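# Structural overview for review
For reference, the chains in residue letters:
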Amino acid sequence: MTIAIAAISCALAGITIGLIIARRLGDTTRATPATQAALQPERPAPPWPDYVQVLDQLPIGIVIVAPDRATVYRNPWATTFGGTHAGVLLDAMMEPLLEQALVGEHARQVLELYGPPRRSIAVASSPLPGGGALASIQDESERRRIDAVRTDFVANISHELKTPVGALAVLAETLVGETDPEVIDRVAERMVEDAHRAARTIDDLLELAGIEMGEALVRERVDVADVIAESISRARQIGEQRNIHVEVLDIPKGAAVVGDRRQLVSALGNLVENAVKYSEPGGEVQVRVRADDGFMEMMVADRGIGIPARDHDRIFERFYRVDRARSRDTGGTGLGLSIVRHVADNHGGEVLVSSREGEGSTFVLRIPTSSRVEALRQQGVRQ
Ligand code: ADP
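Attention here is on the structure that accompanies the text. Everything quoted here is computed from the prediction, not taken from an experiment. Residue indices follow the written sequence of each chain, beginning from 1 at its first position. Local features in this predicted model are restricted to residues of pLDDT 70 or higher, and side-chain atom pairs are both shown and tallied only at a pLDDT of 80 or more, whereas totals for entire chains, interfaces and linings draw on every residue. Processing note: side-chain calculations cover all non-hydrogen atoms of the structure and skip hydrogens and water entirely.

### Considerations on the sheet that holds strand 4 (residues 119-127)
- If DSSP finds at least two bridges between two strands, the strands pair. By definition, any uninterrupted DSSP run of H or I lasting at least four residues is a helix, any uninterrupted run of E lasting at least two residues is a strand, and each is numbered from the N terminus. If you walk across this open sheet you meet the five strands as 2-1-5-4-3, and the pairing is antiparallel. Of all the strands in the sheet, just strand 2 (71-74) and strand 3 (107-113) have a single pairing partner and so form its edges. Recorded for the sheet is a direction-independent mean angle of 15° between the axes of neighbouring strands.
- Pairs of residues are marked as contacts when any of their non-hydrogen atoms sit within 4.5 Å. In this description, a line fitted to the C-alpha atoms serves as the axis of each element, helices being fitted only across the stretch in contact, and the angle between N-to-C directions of two axes falls anywhere from 0 to 180 degrees. Strands strand 1 (61-65), strand 2, strand 3, strand 4 and strand 5 (133-139) of the sheet are contacted by helix 4 (residues 85-102), whose axis makes an angle of about 170° with strand 3.

What follows is the structure, encoded as structure tokens:
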């Protein structure tokens, strides 16, 4: 895509520099209207736009210099750094690149600005047919950031899967030739646990990938009471094991949202499961709903171990856990809250947390009500 834009820019620039130079010549050798009419046979107005206007609209910077090194054109994007420290560095980097292009070579260099925010600006120069040179400037910061996130993600997945799979291999080796039934039972039990752990990570990864890649989002009217009932039943088994009671309070009559029922159950189910997992045995979890200014707020509150304030922002990142050992003991994958955040985003809503270490946590999933979505739709706003 960017290569295509650069190629088009180069072609346009060739035409533009011709036009700009011709325009300059035209100014100095101005002909009378009668002579012009005689010189130019009558033809329809061109259907194409003024190429300078096209270059003005490009989402990358374009600088054109004439053979005598004078800058003949700079599009608006290329002036966005003007007068800044970054602009000075950029001009200093561009000059030798344009020199190279003027002697017929293609050149490219990336300027790294350490910010914050960190930015990577790439400048490529090329000679223009008929003389002169072009520099194109592109902000590659976002693409580089996404590449880094992707690389991190792959490294994290490998690590998360390597641990249980590695443990399985070691346990299987222990079983070879083992005859003591007690040892066989104990090792087999641990193998089942590790196999489940790997399977849960894979399941959560697939679910997160589907939600993140914008898997076709169903938009139907969903009863909040149904979402809550299904979410709680998802956490029932672990709740019974830990002897934790989940109580549902005040669901407003007829409370409904517009969205994807499966995704909403997945999000709220993760919040309820976490509340149960991170409560002390015998504790209590409360789920309540209230309507607030066009949003349905589904709240899940526990009086469990709580989350230190410094971790509030990070818990929604993939694979982030406050306490690795505890998350592992409770069968956590570190992906639950990432799923919740993506579901909230997909629905035009948000997820909020308030928590104190040692006192408990309250998570709020805010999803626009069906009437808000309908009102926005009538105003032509898409969520
Ligand atoms: P996990 O599978 O480890 O539970 P999540 O993405 O669901 O992963 O949560 C990320 C981390 O946030 C957890 O590892 C845990 O440390 C913390 N956390 C989430 N919910 C709660 C809660 N209700 N109480 C205390 N800590 C929580």
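### Some words on the pattern of salt bridges
- When a carboxyl oxygen of Asp or Glu lies within 4 Å of a side-chain nitrogen of Lys or Arg, that pair is called a salt bridge. The full count for this structure, using the stated rule, is 23 salt bridges.
- With a closest N to O distance of 2.6 Å, Glu99 and Arg69 form a salt bridge. Of this pair, Glu99 sits in helix 4 while Arg69 sits in the loop between strand 1 and strand 2, and the two are 30 residues apart along the sequence.
- Using a 1.4 Å probe on the protein chains alone, a residue whose accessible area is under 20% of its type maximum counts as buried, one over 50% counts as exposed, and one in between counts as partly exposed. Among the residues examined, Glu99 registers a relative accessible area of 32% and is labelled partly exposed.
- Where Arg144 meets Glu140, a salt bridge forms, and the shortest distance between an N and an O atom there is 3.5 Å.

### A few points about the side chain of Thr201
- Mapped onto the secondary structure, Thr201 falls in helix 6 (residues 181-212).
- In contact with Thr201, not counting residues within four places along its chain, are Glu160, Leu161, Phe319, Thr333 and Leu335.

### Some details on a negative patch on the surface
- A cluster of acidic residues, Asp180, Glu182, Asp185, Glu189 and Glu193, forms a negative patch on the protein surface.
- Topologically, Glu182 is positioned in helix 6.
- Glu182 sits in the exposed class, given a relative accessible area of 60%. Nonpolar side chains (Val, Leu, Ile, Met, Phe, Trp, Tyr) are joined into patches within 5 Å and like charges within 9 Å, using only residues with over 30% relative accessible area and no salt bridge. Residue burial considers only the protein chains on display, and all accessible areas are found by Shrake-Rupley using a 1.4 Å probe. The charged-residue count follows a simple rule in which Lys and Arg add positive charge and Asp and Glu add negative charge, with His and chain termini not counted at all. Taken as the charge location is NZ of Lys, CZ of Arg, CG of Asp or CD of Glu.

### Some words on the packing of helix 6 against helix 11 (residues 336-346)
- In contact at an axis separation of 10 Å, helix 6 and helix 11 are set at 20° when each is read in the N-to-C sense. Comparing the axis directions of helix 6 and helix 11 gives the class roughly parallel. Every pair of crossing elements has a handedness; the one defined by helix 6 and helix 11 is left-handed. In contact with Asp204, Glu207, Leu208, Ile211 and Glu212 of helix 6, helix 11 contributes Ser338, Ile339, His342, Val343 and Asn346.
- The residue makeup of the contact of helix 6 with helix 11, split by class, is four nonpolar, three polar and three charged. An angle below 35 degrees is treated as roughly parallel, one above 145 as roughly antiparallel, one from 65 to 115 as roughly perpendicular, and anything else as oblique. When the near helix sits turned anticlockwise from the far one by under a right angle, the crossing is termed left-handed; a clockwise turn instead gives a right-handed crossing. Each residue gets one label: Ala, Val, Leu, Ile, Met, Phe, Trp, Tyr, Cys and Pro are nonpolar, Asp, Glu, Lys and Arg are charged, and the others, such as Gly, are polar.

### So, the environment of Val110
- Within the fold, Val110 resides in strand 3.
- Put simply, Val110 and Leu90 are 20 residues apart on the chain and 9.4 Å apart in space, counted from C-alpha to C-alpha.

### A look at the packing of helix 9 (residues 261-277) against helix 11
- Packing of helix 9 against helix 11 brings their axes to within 9 Å, and their N-to-C directions diverge by 145°. Crossing hand, helix 9 versus helix 11: left-handed. Across from Gln263, Leu264, Ser266, Ala267, Asn270, Leu271 and Asn274 in helix 9, the residues of helix 11 making contact are Gly336, Leu337, Ile339, Val340, Val343 and Asn346.
- Of the residues that constitute the contact of helix 9 with helix 11, the class distribution is seven nonpolar, six polar and no charged.

### Describing helix 6
- Here the expected length of a helix is defined as 1.5 Å per residue gap, with one fewer gap than residues. In this model helix 6 runs 46 Å from its N-terminal to its C-terminal C-alpha over 32 residues, within 8% of the 46 Å that 1.5 Å per residue would give.
- Residues of helix 6 that are buried include every one of Val183, Val187, Met191, Asp194, Arg197, Ala198, Thr201, Asp204, Leu205, Leu208, Gly210 and Ile211, and no others.
- If you follow the buried residues of helix 6, they end up packed against helix 5 (141-175), helix 9, helix 10 (324-329) and helix 11.
- Polar contacts, as counted here, are pairs of nitrogen or oxygen atoms within 3.5 Å of one another; within protein the pair requires one atom able to donate a hydrogen and one able to accept it, and residues that are adjacent in sequence qualify only if both atoms are side-chain atoms. For helix 6, the side-chain oxygen to backbone nitrogen distance between the N-cap and Glu182 is 2.9 Å, and the N-cap itself is Asp180.

### Things to note about the pairing of strand 10 (residues 295-302)
- With respect to burial, strand 10 is a largely interior element, seven of its eight residues being buried.
- By the bridge criterion, eight bridges tie strand 9 (residues 284-292) to strand 10 in an arrangement that is antiparallel. Along strand 10, the bridge assignment pairs Val285 with Asp302.
- Hairpin connection of strand 9 to strand 10: two residues between the antiparallel strands, including Asp293 at a positive phi of 45°.
- Of the pairings in the sheet, the one linking strand 10 to strand 12 (residues 360-368) comprises eight bridges and is antiparallel in character. Bridge pairing links Ala301 to Thr362 in strand 12.

These figures come from the coordinates and say nothing about function on their own.
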